[in-house]
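One letter stands for each residue in the lines below.
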Amino acid sequence: MTGEDGEPQAEAPFRLLRPVGDTAGPLVFASPHSGRLYPTSAGFDPELPDLSLRSAEDALVDQLVEGAPDHGIPVLMATHGRAWLDLNRAPGDLDPTLIDDLPAGSEGGPRAQSGYGVVPRLTGDGRALYRDRITLAEVTRRIGAVHTPYHAALDALMEQTRARHGVAVLVDWHSMPGPRASPPARRPVATFPQIVLGDRHGVACATALTRRVSALLRGEGLRVANNQPYAGGWTTERWGRPDAGFHALQIEISRAIYLDEARMQPGPGWARCQGIINRLIAALAREIGDLVP
């Protein structure tokens, strides 16, 4: 497999891995939260711990799925960290508490107002990212530099794929925090899902696709939930239009099954998890024509 233009530059807005030759099928993969570049010009609180800064990051998810081009599947990957810019939010999802000169009436929705808009105010573990407010010009600059080209690339992949195959199927890959040890009176850790499939409650993709992915992962011994607590973000909502030939499924992987969250490095379950994901990718590549009309 090869990158679109070879190795990306440090400031590239995304990485795109394409299949070798003329092998691309109807599947498209994206990993919008696995970027690890945090520009020094961001203005984050200098006392913010690195692990807190990266706590919303889908750490190493891009590495879990990077073998997909060998199965005819392009993979679009973020380069910049989610704390700097969230690619799974609408560009107009703006936080009035963070942005200093936001015009009245242009505020984003509930996610933005709770601190998790297109430019987040809070880390994944709830700490303030900034000591001071930031300007609308800075937010606009980030969106133009990274959000716009990333989604233009995704748009092109989806449109080209549908034109070629009559259908385009997006799998948007994410990770979720692993469960912490909980008191006996609360939910046992062993009952927490290890995978959450988000299809917007059956609206965003063919039901057969969600069911087959669930069956394959359950067959690997994983606990799988549908749409709770993650039914799909902005990208899934935007591309989940089966009547128009576009299907979208969000897959959330518990970091507890592959990551050492204290060091943001592969954990003891890395090899097993990567094997499971590779087998899932291979099965989807073989079966997608039977799962999506």
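Now for a quick tour of the structure. Keep in mind the model is a prediction, meaning the values are calculated, not measured.

### Quick word on the environment of Met77
Piece 1. Its location among the elements puts Met77 in strand β4 (residues 75-78).
Piece 2. Looking at Met77, the relative accessible area reads 1%, which means it is buried.
Piece 3. Each C-alpha atom, one on Met77 and one on Val61, is 9.4 Å from the other, the two residues being 16 residues apart in sequence.
Piece 4. Other than its neighbours up to four places away in sequence, Met77 contacts Phe14, Arg15, Leu17, Ser31, Asp62, Glu66 and Tyr150.

### A closer look at the layout of surface pockets
Piece 1. Here the largest pocket is characterised by a volume of approximately 450 Å³.
Piece 2. His33, Arg82, Arg89, Tyr230 and Glu252 are, among the 27 residues lining the largest pocket, the residues nearest its centre.
Piece 3. Listed by contribution, the elements that provide at least two residues to the lining of the largest pocket are β5 (168-176) and β8 (246-254).
Piece 4. Among the elements that line the lining of the largest pocket, the one with the most residues is β5, at 3 residues.
Piece 5. Residue composition of the lining of the largest pocket, grouped by class: 10 nonpolar, 10 polar and 7 charged.

### A look at the pattern of salt bridges
Two side chains of opposite charge can pair, provided their charged atoms sit close to one another.
Piece 1. Enumeration according to the criterion identifies 17 salt bridges in this entry.
Piece 2. The salt bridge involving Asp45 is made with Arg131; its shortest N-O contact spans 3.1 Å. Of this pair, Asp45 sits in the loop between β3 (27-31) and α1 (50-53) while Arg131 sits in the loop between α3 (110-113) and α4 (136-165), placing them 86 residues apart in sequence.
Piece 3. Residue classification places Arg131 among the exposed residues on the basis of a relative accessible area of 52%.
Piece 4. One salt bridge in this structure joins Glu138 and Arg141, with 3.0 Å as the shortest N-O distance. Separated by 3 residues within a single helix, Glu138 and Arg141 lie in helix α4, roughly one turn from each other.
Piece 5. According to the relative accessible area criterion, Glu138 is buried, its value standing at 17%.

### Some details on the packing of helix α5 (residues 207-219) against helix α7 (residues 270-291)
For any two helices packed against each other, one specifies the inter-axial angle together with the distance between the axes.
Piece 1. Running from N to C, α5 and α7 point in directions that differ by 150°, and their axes come no closer than 10 Å. The angle between α5 and α7 falls in the class roughly antiparallel. The way α5 lies across α7 gives a crossing that is right-handed. Across the interface between the two elements, Ala208, Leu209, Arg212, Val213, Leu216 and Leu217 from α5 touch Ile276, Leu280, Ala283, Leu284, Glu287, Ile288 and Leu291 from α7.

### Some details on the pairing of strand β6 (residues 195-198)
Piece 1. Burial of the side chains of β6 extends over both faces: Ile195 and Leu197 are buried on one face and Val196 and Gly198 on the other.
Piece 2. Note: β6 against strand β7 (residues 224-226), 3 bridges, orientation parallel. Residue Ile195 lies in a different strand from β7, and its bridge partner there is Val224.
Piece 3. With α5 bridging β6 and its parallel neighbour β7, the resulting β-α-β unit is right-handed.
Piece 4. Examined bridge by bridge, β6 and β8 share 4 bridges and lie antiparallel to one another. Counted as the bridge partner of Gly198 is Gln250 from β8.

Reading the values: the criteria
Residues numbered from 1 in each chain as written. Predicted model: local features only at pLDDT ≥ 70, side-chain atom pairs only at ≥ 80, totals over all residues. Heavy atoms only, no water. Helix = DSSP H or I, 4+ residues; strand = E, 2+ residues; numbered from the N terminus. Buried < 20%, exposed > 50% of the residue type's maximum accessible area, 1.4 Å probe, protein only. Contact = heavy atoms within 4.5 Å. 1 Å grid on protein atoms, 1.4 Å probe; cavity = no way out; pocket = protein on both sides within 12 Å on 5 of 7 lines; lining within 4 Å. Points joined across faces, edges and corners; volume = space filled by probe spheres on them. Nonpolar A, V, L, I, M, F, W, Y, C, P; charged D, E, K, R; others polar. Salt bridge = Lys/Arg side-chain N within 4 Å of Asp/Glu carboxyl O. Axes fitted to C-alpha atoms, helices over the stretch in contact; angles between N-to-C directions. Parallel < 35°, antiparallel > 145°, perpendicular 65-115°, else oblique. Left-handed = near helix turned anticlockwise from the far one by under 90°. Pairing = 2+ DSSP bridges. Right-handed = clockwise from strand over helix to strand, strands pointing away.

The analysis is restricted to geometry; functional conclusions fall outside its scope.
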